[in-house]
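Coordinates in review
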Amino acid sequence: MTDLLLRNVRPMGGTATDLLVRGGRIAAGPAPAGTPVEDGRGLLLLPAFVEGHTHLDKTTFHLPDWLVNEVGPRIEDKIDTEREWRARTGHDAGVASLAMARAFLAAGTTRVRSHVDVDTSGGTRHIEGVLATREAMRGLQEIQLVAFPQSGILGRQGTDTLLDAALSMGADIVGGLDPCAIERDPVRHLDIVFGLAEKHGKPVDIHLHEPGTMGAFSLDLILERTRALGMEGRVVVSHAFCLGDIPERDRDGLLARMAALGVAIATTAPASRPVPLVAACRAAVVTIFGGNDGIRDTWTPYGSPDMLERAMLIGLRNNFRRDDEVAIAFDCVSAAGAKGCGFEDYGLEPGARADLVLVDARSLAEAVVTRPPRRLVVSGGRIVARDGALLA
Ligand SMILES: [Zn+2]
């Protein structure tokens, strides 16, 4: 069923109206006779959400036991702990990612960018698992895979070959990781990352946790590569924490270059670190969008497949109080996410893919603040979930 008439819904909290779906897309004009009707009961209508940065393959969300986290403080501790835990437990990235993807769909997310680990311990096993999940979710949820060198590339011989294989197998995007702090050789790291992007004709999304001037240096190198290789509009920098702790003048200089090159930022807006501020990025016309990062994995007990929660956390971290500011936090998990990740046909306008969510809230800001249950989730014009539960 990809034709549907949603009666009495309030798009983005506005005036009540009917919304017509034809052939899985939002349509204009009167509904043809026989179109299936769903009573929207005056609920708030939102475009389905976009998760712009997560790790579907890492989660322990689906396991019966709570994972007791005893990880050390450094990023290297987290990387090593995860690799050891996987070897010990035989973690199945296919099962984990499918459980997580389904939970995202039930909570109203129809587009997901997932970084997926590629390393010399697991090879491309996680890529295979998430590719199977993408296949299982086809038509219901669009999943992008980033081939992500979680353990670095340079310190583990053969990782570059595995990344190459992952991209040949169907990964969409080339990942990278802290060219200075982890790799200790930014030029060589970026040679490999951008070399693979050129070879496969695929975009880049680099994890950049590095703080301050070190992060700014790596970012400068990334921007220079983007320009030199003509990769405008095809590069995302995830986290970019450095933009939260360098002087404003330096930050604004980098943001201006990012805007000119169409380089976007993925943010989780963590409470624990300086972050790129959403207002500063938007003022510079840099696309900034939201994601959880890992959800209940060996890195963190936090996170949720509810993107309204991520919007709230982005709002809190950015001191957004006014309704029009909370709407910007929502934009980070909706339209800006679609733009930054390159998900097409997004939104509530005629012609867009009919990916929709109905919630009981008086306004968009109230939906973000209270995160009400998803009364209805529609994907490609099909009703896929009611009251938070997926239909068969
Ligand atoms: Zn990440």
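Everything discussed here concerns the structure shown above.
All of these numbers come straight from a predicted model, not from anything done at the bench.

1. Considerations on the packing of aromatic side chains
Going through the model one piece at a time under the given rule, you end up with one aromatic pair. Taking the centre distance of 5.9 Å and the plane angle of 90 degrees together, the rings of Phe49 and Phe330 count as edge-to-face. Of this pair, Phe49 sits in strand E5 (residues 49-54) while Phe330 sits in helix H10 (residues 323-332), and the two are 281 residues apart along the sequence. As far as burial versus exposure is concerned, Phe49 and Phe330 are alike and both buried.

2. Quick look at the packing of helix H9 (residues 307-317) against H10
In the contact formed by H9 and H10, the axes pass within 8 Å of each other and the chain directions differ by 130 degrees. Judged on the interaxial angle alone, H10 and H9 are oblique. In this structure, H9 meets H10 at a crossing whose hand is right-handed. Across the interface between the two elements, Leu308, Ala311, Ile314 and Gly315 of H9 pack against Ala329, Phe330 and Cys332 of H10. When grouped by side-chain class, the residues that make up the contact of H9 with H10 number six nonpolar, one polar and no charged.

3. Points about helix H5 (residues 186-200)
Here H5 is 15 residues long and its end C-alpha atoms lie 21 Å apart, about the 21 Å a rise of 1.5 Å per residue gives. Of the residues making up H5, those classed as buried are Pro186, His189, Leu190, Val193, Phe194, Leu196 and Ala197. Down the axis of H5, the buried set is contained in an arc of 145 degrees. They therefore lie on one face. Away from its buried face, by an angle of more than 90 degrees, H5 presents the exposed residues Glu198 and Lys199. Residues of H5 that are buried make contact with helix H4 (159-169), strand E8 (173-177), strand E9 (204-208), helix H6 (212-228) and strand E10 (235-239).

4. Overview of the nonpolar core
By size, the foremost hydrophobic cluster in this structure holds 81 residues, and its most contacted members are Ile127, Phe194, Val204, Leu219, Leu243, Met258 and Ile265. In this structure, this core is formed jointly by two domains, domain 1 (4-47 + 347-390) and domain 2 (49-341), each of which donates at least three residues. Here Val204 is in contact with Ile173, Val174, Val193, Phe194, Ala197, Met231, Arg234, Val235 and Val236, once residues within four sequence places are set aside. By size, the runner-up hydrophobic cluster in this structure holds 16 residues, among which are Leu19, Leu45, Leu358 and Val378.

5. Let's talk about the coordination of the zinc ion
Surrounding the zinc ion are the protein donor atoms His53 (NE2), His55 (NE2), His207 (NE2) and Asp293 (OD), which sit 2.1 Å from the metal. Taken together, the four donor atoms surrounding the zinc ion define angles of 86 to 168 degrees at the centre, an arrangement classified as irregular. Mapped onto the sequence, the residues coordinating the zinc ion show the spacing H-x1-H-x151-H-x85-D. Residue His55 is found in the loop between E5 and helix H1 (75-89), and its partner Asp293 is found in the loop between strand E12 (288-290) and H9; the two are separated by 238 residues along the sequence.

6. Quick notes on the environment of Ala389
Checked against the element boundaries, Ala389 lands in strand E16 (residues 389-390). Counting along the chain gives 337 residues from Ala389 to Gly52, while the straight-line C-alpha distance between them is 23 Å.

7. Remarks on the layout of surface pockets
Empty space within the largest pocket amounts to approximately 950 Å³. If you list the elements that add at least two residues to the lining of the largest pocket, you get H1 and H9. No other element matches the four residues that H9 contributes to the lining of the largest pocket. Tallied by class, the residues present in the lining of the largest pocket amount to 14 nonpolar, twelve polar and eleven charged. Here the second largest pocket is characterised by a volume of approximately 340 Å³. For the second largest pocket, the lining is made up of 20 residues, of which Arg134, Glu142, Ile143, Gln144 and Phe343 are closest to its centre.

8. Observations regarding H6
Along its 17 residues, H6 runs 24 Å from first to last C-alpha, staying within 8% of the 24 Å computed at 1.5 Å per residue. Here H6 has its buried residues at Gly212, Gly215, Ala216, Ser218, Leu219, Leu221, Ile222, Leu223, Arg225 and Thr226. Of the surrounding elements, those touching the buried residues of H6 are H5, E9, E10 and helix H7 (248-261). Directly beyond the C-terminal end of H6, a positive phi value near 65 degrees is found at Gly230.

9. A short note on the pattern of salt bridges
For the structure on display, the rule yields 27 salt bridges. For Arg227, the salt bridge is made with Glu224, and the minimal N-O distance between the two is 2.7 Å. Of this pair, Arg227 and Glu224 both sit in helix H6, three residues apart, which is roughly one turn of that helix. Among the ionic pairs, Asp324 bridges to Arg322, the shortest N-O distance being 2.6 Å.

10. Some remarks on the sheet that holds E10
Pairing is parallel in the open sheet, where eight strands are placed in the order E5-E6-E7-E8-E9-E10-E11-E12. At either margin of the open sheet sits one strand with a lone partner, and together these are E5 and E12. Between one strand axis and the next, the sheet turns through 25 degrees on average, direction left out of account. Most of the contacts of H9 go to E5, to which it runs at about 70 degrees, and overall it touches E5, strand E6 (109-117) and E12.

11. Some words on the sheet that holds strand E1 (residues 4-11)
Sheet architecture is open: eight strands sit in the order E3-E2-E1-E4-E13-E14-E15-E16, paired in mixed fashion. Looking at strand neighbours, the two that pair on one side only are strand E3 (25-27) and E16, the edges of this open sheet.

12. So, the packing of H6 against H7
At a closest axis distance of 11 Å, the pairing of H6 and H7 adopts a crossing angle of 25 degrees. In terms of axis orientation, H6 runs roughly parallel to H7. Here H6 and H7 pass one another in a crossing that is left-handed. In this structure, H6 uses Ala216, Leu219, Asp220, Leu223, Glu224, Thr226 and Arg227 to contact H7, whose residues at the interface are Leu254, Arg257, Met258 and Leu261. A breakdown of the residues in the contact of H6 with H7 according to their chemical character gives six nonpolar, one polar and four charged.

Conventions used here
Residues numbered from 1 in each chain as written. Predicted model: local features only at pLDDT ≥ 70, side-chain atom pairs only at ≥ 80, totals over all residues. Heavy atoms only, no water. Phe/Tyr/Trp six-rings, centres within 6.5 Å; stacked < 30°, edge-to-face > 60°. Helix = DSSP H or I, 4+ residues; strand = E, 2+ residues; numbered from the N terminus. Buried < 20%, exposed > 50% of the residue type's maximum accessible area, 1.4 Å probe, protein only. Axes fitted to C-alpha atoms, helices over the stretch in contact; angles between N-to-C directions. Parallel < 35°, antiparallel > 145°, perpendicular 65-115°, else oblique. Left-handed = near helix turned anticlockwise from the far one by under 90°. Contact = heavy atoms within 4.5 Å. Nonpolar A, V, L, I, M, F, W, Y, C, P; charged D, E, K, R; others polar. Expected span 1.5 Å × (residues − 1). Arc of directions from axis to C-beta. Core = buried A, V, L, I, M, F, W, Y, C linked by side-chain atoms within 4.5 Å. Domains from an automatic or database assignment. Donors = N, O, S within 2.8 Å, 3.2 Å for Na, K, Ca; no water. Tetrahedral: all angles 85-135°; square planar, octahedral: opposite > 155°, others 65-115°. 1 Å grid on protein atoms, 1.4 Å probe; cavity = no way out; pocket = protein on both sides within 12 Å on 5 of 7 lines; lining within 4 Å. Points joined across faces, edges and corners; volume = space filled by probe spheres on them. Salt bridge = Lys/Arg side-chain N within 4 Å of Asp/Glu carboxyl O. Pairing = 2+ DSSP bridges.

These figures capture arrangement, not role.
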